[in-house]
Amino acid sequence: MRLRKNRRRKWTEEERQKLKILFEKFSGDIDKTAKELRRGERSVRMNLFFMGLIREDEVDRANRNT
């Protein structure tokens, strides 16, 4: 069984800062960023959108491919 430590937890300001750093470190790879933060990909995409780092049409991009 896979551990979901951060599921349904509020994002802290420190986590948002780390998100921004990791997003830049992984050259925009949201999947790697989500795994590193142990957060869901959708949650990571939403936060990146609210931070102005991705466009609105990129938020649901993963859902369209499935």
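For the structure, check the block above.
Residues numbered from 1 in each chain as written. Predicted model: local features only at pLDDT ≥ 70, side-chain atom pairs only at ≥ 80, totals over all residues. Heavy atoms only, no water.

Caption draft 1: Geometry of the pattern of salt bridges. Per the counting criterion, the structure on display carries seven salt bridges. The salt bridge partner of Arg-9 is Glu-15, with a shortest N-O separation of 3.6 Å. In this structure Glu-15 comes out as buried when scored by relative accessible area, which is 15%. For Glu-15, the salt bridge is made with Arg-39, and the minimal N-O distance between the two is 3.0 Å. (Salt bridge = Lys/Arg side-chain N within 4 Å of Asp/Glu carboxyl O. Buried < 20%, exposed > 50% of the residue type's maximum accessible area, 1.4 Å probe, protein only.)

Caption draft 2: A look at the packing of helix α1 (residues 13-25) against helix α3 (residues 41-50). At a minimum axis separation of 11 Å, α1 and α3 run at an interaxial angle of 95 degrees. Between α1 and α3, the interaxial angle falls into the category roughly perpendicular. Along the contact surface, α1 presents Arg-16, Leu-19 and Phe-23, while α3 presents Val-44, Asn-47 and Leu-48. Residue composition of the contact of α1 with α3, by class: four nonpolar, one polar and one charged. (Axes fitted to C-alpha atoms, helices over the stretch in contact; angles between N-to-C directions. Helix = DSSP H or I, 4+ residues; strand = E, 2+ residues; numbered from the N terminus. Parallel < 35°, antiparallel > 145°, perpendicular 65-115°, else oblique. Contact = heavy atoms within 4.5 Å. Nonpolar A, V, L, I, M, F, W, Y, C, P; charged D, E, K, R; others polar.)

Caption draft 3: Representation of the environment of Ser-43. Examined against the element boundaries, Ser-43 turns out to sit in helix α3. Ser-43 sits in the partly exposed class, given a relative accessible area of 25%. Sequence spacing of Ser-43 and Val-59 is 16 residues, and the spatial spacing of their C-alpha atoms is 9.3 Å.

Caption draft 4: Examining unusual backbone geometry more closely. The phi torsion at Ser-27 lies on the positive side, around 55 degrees, for a residue other than glycine. Residue Ser-27 is classed as exposed on the basis of its relative accessible area, which comes to 68%. We note that Arg-38 has phi near 60 degrees; this positive angle belongs to a residue other than glycine. By the secondary structure assignment, Arg-38 is in the loop between α2 (30-37) and α3.

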